[in-house]
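Observations on the three-dimensional arrangement
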Amino acid sequence: MGKRYFCDYCDRSFQDNLHNRKKHLSGVQHLRAKRLWYDSFRDAAAILQEEQTKKPCRKFLQTGQCDFGSNCRFSHMTEQELEKLSAQVQGEKRLKELQREGADIPPGTIEDWLEKRAQRLSAAQSNSSRSDPSPLRQSRDAAGTPLLHPACAGTGSCHSKPAPRNPFCRFPLKLIEQL
């Protein structure tokens, strides 16, 4: 059968010889797929500049569809999309200026996110501890005496740090440590 050539842009394979490869690489479908691939990595400023120079597509504005699709020479972006794109470009410019000035941490960094996450987790834990009774209170028999874990009899020996935790123990580590 011979070797086969697989084009990653077009997601297509064909018999590999000089004629077939040249024909495929110069084809309209391949060139279109290749352009779409590289356009996905363009920065927002280049996209904004290109879209602002184009006139709006009348067919797209009237019907919401265009027969030419991504090959249309007119713009398919609405005013709101252009405003969002320009705001994104302005944000990127500000970020670059802050980095040039030597600002340590620009606003909206990972540290801010981690701090907010820690606050949310602590609030969720405090809410759950208020609303739910503790597992130790849930683990009582009809007379009210606490039920002890059969593997460790409530001593926590199945939870000792050098030995691995007993997979059948349902008692949380915090409760075993309190016993």
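Residues numbered from 1 in each chain as written. Predicted model: local features only at pLDDT ≥ 70, side-chain atom pairs only at ≥ 80, totals over all residues. Heavy atoms only, no water.

**Concerning the layout of surface pockets**
How we decide: Method remark: on a 1 Å grid restricted to protein atoms, a set of points is classed as a cavity if a 1.4 Å probe fits but cannot get out and as a pocket if it is open with protein on both sides within 12 Å along at least five of seven lines; lining residues have an atom within 4 Å of a point. Grid points are joined across faces, edges and corners, and a volume is the space filled by probe spheres set on the points. Here the term charged refers only to Asp, Glu, Lys and Arg, the term nonpolar to Ala, Val, Leu, Ile, Met, Phe, Trp, Tyr, Cys and Pro, and the term polar to all other amino acids, Gly among them.
By volume, the largest pocket amounts to about 390 Å³. As for the largest pocket, its lining consists of 16 residues, and the residues nearest its centre are Asp-39, Glu-50, Glu-51, Lys-54 and Ser-70. Per-class residue counts for the lining of the largest pocket are five nonpolar, five polar and six charged.

**What to know about the pattern of salt bridges**
The test is simple: Salt bridge, as applied in this entry: a Lys or Arg side-chain nitrogen positioned within 4 Å of an Asp or Glu carboxyl oxygen. Only protein chains enter the accessibility calculation, which uses a 1.4 Å probe; a residue whose area is less than 20% of its type maximum is buried, one above 50% is exposed, and one in between is partly exposed.
Evaluation of the coordinates by the stated rule reveals six salt bridges. The partner of Glu-50 in a salt bridge is Arg-42, and the shortest N-O contact between them spans 2.6 Å. Accessibility expressed as a relative area gives 31% for Glu-50, which makes it partly exposed. Glu-51 serves as the salt-bridge partner of Lys-54, at 3.7 Å between the closest nitrogen and oxygen. In this structure Lys-54 comes out as partly exposed when scored by relative accessible area, which is 22%. Here Glu-51 falls in the buried class, since its relative accessible area comes to 13%. Here the salt bridges share partners, and the residues they tie into one network are Arg-35, Asp-39, Arg-42, Glu-50, Glu-51 and Lys-54.

**Points about the packing of aromatic side chains**
Put simply, the test is: Classification of ring pairs rests on two measures: the distance between centres of Phe, Tyr or Trp rings, Trp counted by its six-membered ring, which must be within 6.5 Å, and the angle between planes, read as stacked under 30 degrees, edge-to-face over 60 and tilted in between.
Throughout the structure, instances matching the rule amount to three aromatic pairs. Each ring, one from Tyr-5 and one from Phe-14, has its centre 5.2 Å from the other, and the planes form 45°; the classification is tilted. For Phe-14, a relative accessible area of 13% corresponds to the buried category. On the numbers, 5.1 Å between centres and 75° between planes, the contact of Trp-37 with Phe-41 is edge-to-face. On the basis of relative accessibility, which here comes to 57%, the residue Phe-41 falls in the exposed class.

**Here we look at the side chain of His-30**
Counted only if it meets this: By the criteria applied, helices consist of DSSP H or I runs no shorter than four residues and strands consist of E runs no shorter than two, each listed in order from the N terminus. Pairs of N or O atoms are called polar contacts if they sit within 3.5 Å, as long as, within protein, a hydrogen donor faces a hydrogen acceptor (for residues adjacent in sequence, only side-chain-to-side-chain pairs). In this description, contact between two residues means that some pair of their heavy atoms is separated by no more than 4.5 Å.
Along the polypeptide, His-30 turns up in helix α2 (residues 28-39). Side chain to side chain, His-30 and His-24 meet in a polar contact 3.3 Å long. Discounting residues that sit within four places of it in the chain, His-30 has contacts with Cys-7, Tyr-9, Cys-10, His-24 and Leu-25.

**Looking at a nonpolar patch on the surface**
Spelled out, the test is: Residues enter patches when they are more than 30% accessible in relative terms and free of salt bridges; like-charged ones are connected within 9 Å and nonpolar ones (Val, Leu, Ile, Met, Phe, Trp, Tyr) within 5 Å. Only the protein chains shown count as covering a residue, and every accessible area follows the Shrake-Rupley method with a 1.4 Å probe.
A cluster of nonpolar side chains, Tyr-9, Trp-37, Tyr-38 and Phe-41, forms an exposed patch at the surface whose accessible area comes to about 470 Å². Structurally, the position occupied by Trp-37 is in helix α2. Accessibility expressed as a relative area gives 45% for Trp-37, which makes it partly exposed.

**A few points about the nonpolar core**
Note the cut-off: The nonpolar core is taken to be a set of buried Ala, Val, Leu, Ile, Met, Phe, Trp, Tyr and Cys residues, with the residues joined through side-chain atoms within 4.5 Å.
Within the largest apolar cluster, five residues are counted, these being Ala-44, Leu-48, Leu-82, Leu-85 and Val-89. Contributions of two or more residues to this core are made by α3 (44-53) and α5 (79-101). Residue contributions to this core peak at three residues, all from α5. Contacts of Val-89, omitting those with residues within four sequence positions, involve Ala-44, Ala-45 and Leu-48.

**Concerning the confidence of the model for the protein chain**
Cut-off, in case you're wondering: pLDDT measures the predictor's confidence residue by residue and takes values from 0 up to 100.
Per-residue confidence for the protein chain averages 76 on the pLDDT scale, and 66% of its residues sit at or above 70. When pLDDT is averaged over each element of the protein chain, helix α1 (residues 18-25) comes out on top at 94 and helix α7 (residues 135-138) at the bottom at 40. Here residues 131-138 is a poorly scored stretch, pLDDT under 50, and it has six contacts once near neighbours within four places are set aside; other chains count. Counting interchain partners and residues more than four positions distant, the pLDDT-below-50 stretch residues 160-164 has two contacts.

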